[in-house]
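Observations on the three-dimensional arrangement
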Amino acid sequence: VQLQASGGGLVQAGGSLGLSCVASGSAFSINAIGWYRQTPGKQRELAAVINSVGDTGYVDSVKGRFTISRDNAKNTVYLQMNSLKPEDTAVYYCNANVMERGTNRDYWGRGTQVTVSS
């Protein structure tokens, strides 16, 4: 399974950005996909997650501003980020927990930089 993340970039505080993560491969089903973020010197943090039935979860700092959604037919998960703050600046990674040939596995996509200027 491969994860291809896209989106991100530079935006002013208060602006919006969208990220997408496409999963590709064969013989797999997605259990859950999460967006993590990491800044230098800090641990990777789970920002948002969505499971196979559409249940979502968010870290408190992004609740009400970020929305995670998925298109099962396209094996794609989106993260819409609104009202961005400088503290949202980080490298964002998508992570997928999948069932692949009877085994649960975790995969990571390459990070995409999100920079919010004040």
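Residues numbered from 1 in each chain as written. Predicted model: local features only at pLDDT ≥ 70, side-chain atom pairs only at ≥ 80, totals over all residues. Heavy atoms only, no water.

Focus: the overall build of the protein chain
Rules: Runs of H or I in DSSP of at least four residues are treated as helices and runs of E of at least two as strands, each being numbered from the N terminus. Throughout, the radius of gyration refers to the C-alpha atoms, and the reference size of a globule is 2.2 Å times the residue count to the power 0.38. Think of it in three bands: residues with accessible area under 20% of the maximum for their type are buried, residues over 50% are exposed, and the middle band is partly exposed, with areas taken using a 1.4 Å probe on protein chains only. The contact criterion used throughout is that any non-hydrogen atoms of two residues lie within 4.5 Å. Surface accessibility in these figures is a Shrake-Rupley result with a 1.4 Å probe; residues are shielded only by whichever protein chains are displayed. In this tally, Lys and Arg are treated as positive and Asp and Glu as negative; His is ignored, and so are the chain termini. By convention, the charge on Lys lies at NZ, on Arg at CZ, on Asp at CG and on Glu at CD.
When its secondary structure is counted, the protein chain shows zero helices and eleven strands. Moving toward the C terminus, one meets the helices and strands of the protein chain in the order β-β-β-β-β-β-β-β-β-β-β. By the compact-globule yardstick of 13 Å for 118 residues, the protein chain fits well, its C-alpha radius of gyration being 14 Å. C-alpha atoms of the protein chain, sized along the principal axes, occupy 45 × 25 × 20 Å. A buried classification covers 36% of the 118 residues belonging to the protein chain. By sequence separation, contacts in the protein chain at least 24 residues apart represent 52% of the contacts at least 6 residues apart. Taken as a whole, the protein chain presents about 6,300 Å² of accessible surface, with 46% of it coming from carbon and sulfur. Mean positive and mean negative side-chain charge positions of the protein chain (11 and 8 charges, respectively) differ by 4 Å.

A look at the state of the cysteines
Put plainly, two cysteines are in a disulfide when a covalent bond ties their sulfur atoms together. This is how it is decided: Note on terminology: pairs of cysteine sulfur atoms within 2.5 Å are recorded as disulfides.
Applying the stated criterion across every chain, the model contains one disulfide. A sulfur-sulfur distance of 2.2 Å marks the disulfide that ties Cys21 to Cys94. Disulfide Cys21 to Cys94: torsion about the S-S bond roughly 60°, handedness right-handed. Placement of Cys21 in strand E3 (residues 17-24) and of Cys94 in strand E9 (residues 90-100) is noted, with a sequence separation of 73 residues between them. The exposure class of Cys94 is buried, given its relative accessible area of 0%.

Thoughts on the environment of Ala47
Its place among the elements puts Ala47 in strand E5 (residues 45-51). Sequence separation between Ala47 and Trp35 is twelve residues, and the spatial gap between their C-alpha atoms is 5.7 Å. In this structure, Ala47 is in contact with Trp35, Tyr36, Arg37, Gly57, Tyr58, Val59 and Val62, ignoring residues within four places of it in sequence.

Digging into the environment of Val116
Tracing the backbone through its elements, the reader meets Val116 in strand E11 (residues 112-117). Residues within four places of Val116 in sequence aside, it is in contact with Val11, Gln12, Ala13, Leu84, Lys85, Pro86, Asp88 and Thr89.

As for the packing of aromatic side chains
The condition that has to hold: Here a pair means two rings of Phe, Tyr or Trp (six-membered ring of Trp) with centres within 6.5 Å. Their orientation is stacked below 30 degrees between planes, edge-to-face above 60, and tilted elsewhere. Two conditions define a charge sitting above a ring: the NZ of Lys or the CZ of Arg must be within 6 Å of the ring centre, and it must be within 35 degrees of the ring normal.
In total, this model carries two aromatic pairs according to the counting rule given. The interplanar angle of 85° and the centroid separation of 6.5 Å between the aromatic rings of Tyr93 and Trp108 together place this pair among those described as edge-to-face. Placement of the pair is Tyr93 in strand E9 and Trp108 in strand E10 (residues 103-108), with a sequence separation of 15 residues. Among the aromatic residues, those joined into a cluster by ring pairs are Tyr36, Tyr93 and Trp108. A cation sits over an aromatic face here: Arg44 above Tyr93, 3.7 Å from the ring centre. Over the aromatic face of Trp108 sits the side chain of Arg44, whose NZ or CZ is 4.7 Å from the ring centroid.

A few points about the confidence of the model for the protein chain
For clarity, the threshold we go by: Within a predicted model, pLDDT stands for the predictor's per-residue confidence, ranging from 0 to 100.
Looking at the protein chain, the pLDDT average stands at 95 and 100% of residues meet or exceed 70. Of all the helices and strands in the protein chain, strand E4 (residues 28-38) carries the lowest mean pLDDT, 93, while strand E6 (residues 56-58) carries the highest, 98.

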